[in-house]
Every structure is written in structure tokens, then in C-alpha cells.
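Examining the three-dimensional arrangement
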Amino acid sequence: MSEEFVFRGRAWVVGDDIDTDMIYHGSYLPLTDPQEMAKHALEYVPGMEDFTDKVQPGDILVTGKNFGCGSSREHAVITLQYNDVSAVVAESFSRIFYRNAVNLGFPILEVPGIARQVETGDELEVDANAGSVHNLTKGVELQGTPLSGLEKEIMTAGGLFGYLKKELQAEE
Amino acid sequence: MSGKTVIEKILSDHSGEDARAGDRVWADLDLAVVRDFGGPNVVLEYEKQLADKPVWDPQKIAMTFDYQAPAKVVQVANNQRICREFAAKHGIPHVFDVNAGIGQHVLLEHGMVLPGSVIIGTDSHMNLLGAVGSFSTGMGTTDVAAGWATGRLWFRVPETIKITFQGEYGYPASAKDLALFLLSQIDTSKTIYKAMEFYGQPIQALTLAGRLTLDSMVTEMEGKIGFIVPDEQILGWIGERAGKPVEAVVSDADASYWEEWEFNIDGLEPLIACPDRPDNVRPVGEVAGTPVDEVFIGSCTNGRLEDLQVAADVLERMGGKVAPHVRLIVTPATTEVAMEAVEAGLYETFIKAGAMVTNQGCSLCTIGHHGVLAEGDILVSTGNRNFRGKLGKGSLAYLTGPAVAAATAVKGEISLPE
């Protein structure tokens, strides 16, 4: 991931309360290979059935409130990561999804009002450090919550294991 | 400095810091649990990151196979084997295999869940253990793998909402209706990642099963955990199983709450969550008459003896037969519950009525179990989620308590119990 936490890509917009069964359905839980898991990203979100065919590396997912509610499955983050989605920008995240994303070093950003200001296909520039999103297509700039504190440190380290690396090596 | 909430006390105790809402702390874990869902991913991640490194404490790791029990898909059988082999290699004694039941309930029955403990697991409903004052929470693969290695994890100390109930209600309403009522009243954008503490006479009157029911739906409220201070009877029950006396963690009188809410639930009526959201709650009467194809009684929300007893009583009172076109699936939460239900004669009632009583486990809360739905099927479930297509694309699900579920099975349409 970009060390500056700045990403540029096309937007995919989905609604409120997208739950983990929509992001990665329970019927695929037996899978453990991330490449296989990635084939089922967002399959149960109405209107997003062809997402995995059309997504391009660097694309940005824009969502309404409470994205990722439901199950604790980390698959929901992995399946987006392995489709080379560069970031998820949401009105708000369900907590387990948020935490799993931090622990996997997957950039996420909360920006109030984002879902109303972006349409699928818009070109966005996301600066997770500054907490800002620039909709280049519409010429709109939105401000959210910048990454900070421990979550930022973990994300910068590439995730929880990256962060714990020194500690774990010192024990050996 | 003001006093502390329950979560601030538990995280202070486990981090050695003065943990206050909003702080990030590293807290010691008392138990780190995986299921056959998530578990194999944890094992693979652990071995990818750390190879053969011994786990932090084999006694504080548990495995509970409740997702697909026993396995019906070879990939799941393989996944369960991956977990068993890891447990054998690392000397992890607490493996509750496919015959044990729903993880949280099994751990509770085995005296492994103490008030004031910090427990993580690959189950978003781990937090139902707040019903006995434990801070238990669902986590992803990376968290649990890191927890197995280090015995500690980072937490953002949640703010707490103090929720007090007043009033009285009785049968056919139950703890499930209390949970559904709360879901219908709250704005989940306010409850995201909040701890809750539940108080008031209606809470004190809840049995252990009722407390577990209410707390199991805190996840659907987007809450982090719902604490209920265990009473003497519940403390005695846990202490007996843990083999040592246990104490409750109680918030300070001057604890600082994010908000305090009060609800009057006088005369609470049976409620039902309509498709596709747990908070799409209506009085059962408003949707009575809706034809159904399948009814599920069980889950970590309503799978205890008390729930099965209520359902069996309703079945018997209403003629003892499930409607011919309805599939009724009953699943006890654990082996202990199953045995109690056998002894109470409930299996006979269910089987004579035409129900299928399946082995203990999560059953129809996930798509991993027999009984999945066809396109167009309508399910009435005592579970906790009714998201779109969860049990089969194009199917619909309603959530309610065991009395309404049983009455619905008899009538073949959503019904209040007679």
C-alpha cells in the first residue's frame, strides 16, 4: 500500500447497512485461499453481481452507513483486498469490519455525506492521512476523520502482524 | 476523576492502565477461541506468520466446532482437521468438537467464562457472554492469531450507554421481545461500538437464558457488548462450574456514561423482525397470517432449555401437530441442553409434532447447516439475523421468540400462541 495513504481510482457506490453476507456470503466460508475468496466479493449486493468481472486495480469502494455489519468474518476485508480495491470510504463502518481492516493494513476512511456526493464511475482521490476525499469528476471535496493514533500505526506497519513483528522477534 | 463503568474496570484490570472511554489499551486475554468457521484461517495465518512458534498459553485457547457440525462438506471436514491437528501439536486441551454445541454456551457451561474476564473469538456473537459480566467480543482471523501468539490485544475502550428498563410484562412476551423492542427503539448510528449496561426490574427478573437472549442481539444493535450484573444465583451457578467462587464486576456509582436511556416496557407484546433487517420490528399481530415454509427454533439467541420448553408447551397447547406444509427444525444449543430436553420429554413432543430435532450447534443461523431455503421460501426463526439471502438467495426470514415460532409452525402462518 501507498505509504502516503493517498489513492486515486474509480468509485463503486453501494448503500447503507451492507452486511458481511452481502460482501462475502456464508456459503463460501469453507474457502481459505484468498484468491478463491476474492471471486465472490460483493456477490450478494443487489446490482453488484458483476463487480469482480469489472473491478480494476485501484478502484475505490464508497458506501453508506454501517458498512460491514454482521459477522466477524475477516473474509469480508480479504475479498476486497484481493480484488485490488485500494480503499473503502464509508459514511460509517461496523466495528468488526473496521478493526479487521486496520489489522490487515487495508485503508478505510469515514467521511460523512460521502455516499450522496459520489456516483459509480467517478474518479476519486482519497487521502486517508488527511481524511479527505476529492471527487475529481464532480469537483467536490469532502472532509472525514483522518487516520490517527494506534490504528494509524498498525495500518502503517501493514497490519497487526507487521506492527507486532519486533515484539514477536524479540521473544524468540 | 469520575468512577468507572464495567468495561473501564475490566480493561483497566487487564491492561494495568487507567483505561477510560476512548483510550487505546493493550489488554491481557483470558481466553481466545476459534470455531470451525474462522478457526482454520487463524491456524493458517498463525503458521504463515510464526511457523512453529509455541502458542502463548495452551490452557487459554479453546476450539468450538459449531458452524457445520458434523461436517457435510469435505472442505469443512478438512478445516476441522486443520484445527484438531494444530490443537494436538500445541497441546491445546480445550477442543469442543462437533458433538458439543454452540461455543459460547459450551464454554459457559464448562465454567470457562468468568465475570470480569476478557475473551475473544471468531464469532460476532461472542458478546452474548456480557450476560454474565464477561467482556467477550468477536474478532477476525488476524486478531485471534496474534492473540494466540502474544496473549494480548489492542482495544479502544468503548463509551457506555446505561439503559434502564421499567415496567412489567409476561408470557407470551419474552426476553427476545425485549431485545427486539430495544432494536426498534434505538438509532444504531448512536450505538456503534458502544458498551451497554442493562438495569431495572425487568432485567433483574431475567433468567440466565433470558439474559443470554437479550445480550446476543447487542451485535444487531451494533453495540460492542451488553453487560448485565450477574445476581447471586448466576454467580453460584458459574462458581460451581468453575470450581471456585466468582465475583461480579460492578460499575462505580459515579461512573461516567456516554448517555443514559430509559424505556418503559409495561405490557410488552410479542414482536417480530421482518425482512431484511433485525431492526425492522413490528407487533406480531401486524403480520399475522403471513404463510411460512419453515420454522427454526434454536441458535445462540434462543437455543436453551427454557426456550425449547416454551416452544414444546405451545405445540402441545395448540394441538401438538406442525402444519403439513411446514418444516420445523429444532436445535438445542449444547449437549447439556439436549440431555435436559430429553429428560424433560421435549424430544418426544417435538418428534410427535412432526419436527426434526437436529444435533446441537449453530444450525440454521448460517448456511452451513441442513435446512437451507429455496428461492421464495419464508422462514420464521428464533435466531438473530434476517439479512437478505442469508440462508438462500431469494428467501425471506422473520425473527421472533420461541412461543410465536412454535405457534407459527402449528398454524403454517405467522401466529400468536393460543
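Residues numbered from 1 in each chain as written. Chains lettered and ligands numbered in written order. Predicted model: local features only at pLDDT ≥ 70, side-chain atom pairs only at ≥ 80, totals over all residues.

Comments concerning the overall build of chain A
Secondary structure assignment for chain A yields eight helices and seven strands. In terms of overall dimensions, chain A is globule-like: its C-alpha atoms have a radius of gyration of 15 Å, near the 16 Å expected for 172 residues. By its C-alpha atoms, chain A is 55 × 40 × 25 Å across when sized along the principal axes. Within chain A, contacts between residues separated by at least 24 positions form 64% of all contacts whose residues are at least 6 apart in sequence. (Helix = DSSP H or I, 4+ residues; strand = E, 2+ residues; numbered from the N terminus. Rg over C-alpha atoms; globule rule 2.2 N^0.38 Å. Contact = placed C-beta atoms within 7 Å.)

Quick word on the overall build of chain B
Regarding its fold elements, chain B presents 16 helices and 18 strands. The C-alpha atoms of chain B give a radius of gyration of 21 Å, which matches the 22 Å a tight globule of 418 residues would have. C-alpha atoms of chain B, sized along the principal axes, occupy 60 × 50 × 40 Å. Evaluated residue by residue, chain B yields a buried proportion of 58% over its 418 residues. For chain B, restricting intrachain contacts to residue pairs at least 6 apart in sequence, the fraction spanning at least 24 positions comes to 77%. (Buried ≥ 20, exposed ≤ 12 C-beta atoms within 10 Å, placed from the backbone.)

Examining the nonpolar core
Ranked by internal contacts, the top residues of the largest apolar core, which has 197 residues, are Ile60(A), Val62(A), Val89(A) and Ala406(B). Excluding anything up to four places from it in sequence, Ile60(A) contacts Phe7(A), Gly9(A), Ala11(A), Val85(A), Ser86(A), Ala87(A), Val89(A), Leu124(A) and Val126(A). (Core = buried A, V, L, I, M, F, W, Y, C linked by C-beta atoms within 7 Å.)

Regarding the confidence of the model for chain B
Chain-level statistics for chain B give a pLDDT mean of 96 and a share of 100% at 70 or above. Here the complex is predicted with pTM 0.93, and the ipTM for its interfaces comes to 0.86. (pLDDT = per-residue confidence, 0-100.)

Considering the sheet that holds strand β10 (residues 225–227) of chain B
Strand pairing in a sheet takes place through backbone hydrogen bonds and is either antiparallel or parallel in direction. Residues and elements named next belong to chain B. Strand order in the open sheet formed by four strands is β10-β9-β8-β11, and the pairing between neighbours is parallel. Of all strands in the sheet, those bounded by a partner on one side alone are β10 and β11 (259–264). Strand after strand, the sheet turns through a mean of 25 degrees between neighbouring axes, direction not considered. Judged from the three bridges that link them, strand β9 (residues 195–199) and β10 form a sheet pairing that is parallel. The residue bridging Ala195 from the neighbouring strand is Ile225, located in β10. (Pairing = 2+ DSSP bridges. Axes fitted to C-alpha atoms, helices over the stretch in contact; angles between N-to-C directions.)

Observations regarding the sheet that holds strand β2 (residues 31–35) of chain B
Residue and element names in this part refer to chain B. Pairing is parallel in the open sheet, where five strands are placed in the order β4-β3-β2-β5-β6. Each edge of the open sheet carries a strand with a single partner, namely β4 (94–96) and β6 (135–138). Pairwise comparison of adjacent strand axes, ignoring direction, gives a mean angle of 15 degrees for this sheet. One ladder, built from three bridges, connects strand β3 (residues 61–64) with β4; its direction is parallel. By the bridge assignment, Ala62 is partnered in β4 with His94.

Some details on the domain arrangement of chain B
Residues and elements named next belong to chain B. Entries for chain B in the domain assignment read domain 1 (6–150), domain 2 (160–246 + 254–264) and domain 3 (272–411). Taking the mean C-alpha position of each, domain 1 and domain 3 sit 28 Å from one another. Contact with domain 1, which involves 14 residues of that partner, is made by 14 residues of domain 3. Residues belonging to the side of domain 1 that touches domain 3 are distributed by class as follows: six nonpolar, six polar and two charged. (Domains from an automatic or database assignment. Nonpolar A, V, L, I, M, F, W, Y, C, P; charged D, E, K, R; others polar.)

Considerations on the interface of chain B and chain A
Accessible area lost on assembly of the parts is the figure often given for the size of an interface. Each partner contributes residues to the interface: chain B has 39 residues there, and chain A has 33 residues. Contributing elements (two or more residues each) for the side of chain B that touches chain A: α2 (39–50), α3 (74–90), α5 (141–150) and α7 (188–191) of chain B. Here the side of chain B that touches chain A takes six residues from α5(B), the largest share from any one element.

Section: the packing of helix α13 (residues 305–317) of chain B against helix α16 (residues 402–411) of chain B
All names here are of chain B. Orientation of α13 relative to α16, taken along the N-to-C sense of each, is 35 degrees, at an axis distance of 8 Å. You can see that α13 and α16 cross each other, and the crossing is right-handed. Between α13, through Asp307, Val310, Ala311, Val314 and Leu315, and α16, the contact on the second element is made entirely by Pro402, Ala403, Ala405, Ala406, Ala407 and Val410. (Left-handed = near helix turned anticlockwise from the far one by under 90°.)

Topic: the packing of helix α6 (residues 175–185) of chain B against helix α9 (residues 208–216) of chain B
Residues and elements named next belong to chain B. Two elements in contact, α6 and α9, have axes whose closest approach is 8 Å; the angle formed by their N-to-C orientations is 25 degrees. One way to sum up the angle between α6 and α9 is to call them roughly parallel. You can see that α6 and α9 cross each other, and the crossing is right-handed. Between α6, through Ala175, Lys176, Leu178 and Ala179, and α9, the contact on the second element is made entirely by Gly210, Thr213 and Leu214. Classifying every residue of the contact of α6 with α9 gives four nonpolar, two polar and one charged. (Parallel < 35°, antiparallel > 145°, perpendicular 65-115°, else oblique.)

Examining the pairing of β2(B)
All names here are of chain B. The buried count for β2 comes to five of five residues, which makes it a mostly enclosed element. The alternating pattern of β2 places Leu31, Val33 and Arg35 and Ala32 and Val34 on opposite faces, both of which are buried. Following the backbone out of β2, through α2 and into the adjacent parallel β3, one traces a crossover that is right-handed. (Right-handed = clockwise from strand over helix to strand, strands pointing away.)

Things to note about unusual backbone geometry
Residue and element names in this part refer to chain B. Here the amide bond leading from Ala69 into Pro70 is cis, since omega sits at -10 degrees, within 30 degrees of zero. Following the sequence through the fold, Pro70 ends up in the loop between β3 and α3. Cis geometry is found at the peptide bond from Pro275 to Asp276, where omega equals -5 degrees. The residue Asp276 is located in the loop between β12 (271–273) and β13 (281–283) in this model.

What to know about the pairing of strand β7 (residues 140–143) of chain A
Residue and element names in this part refer to chain A. Inspection of the sheet shows strand β6 (residues 132–135) paired to β7 by four bridges, in the antiparallel sense. What sits directly across from Asn135, in β7, is Val140. The hairpin turn running from β6 into β7, its antiparallel successor, is four residues long, and Gly139 in that turn takes a positive phi close to 65 degrees.

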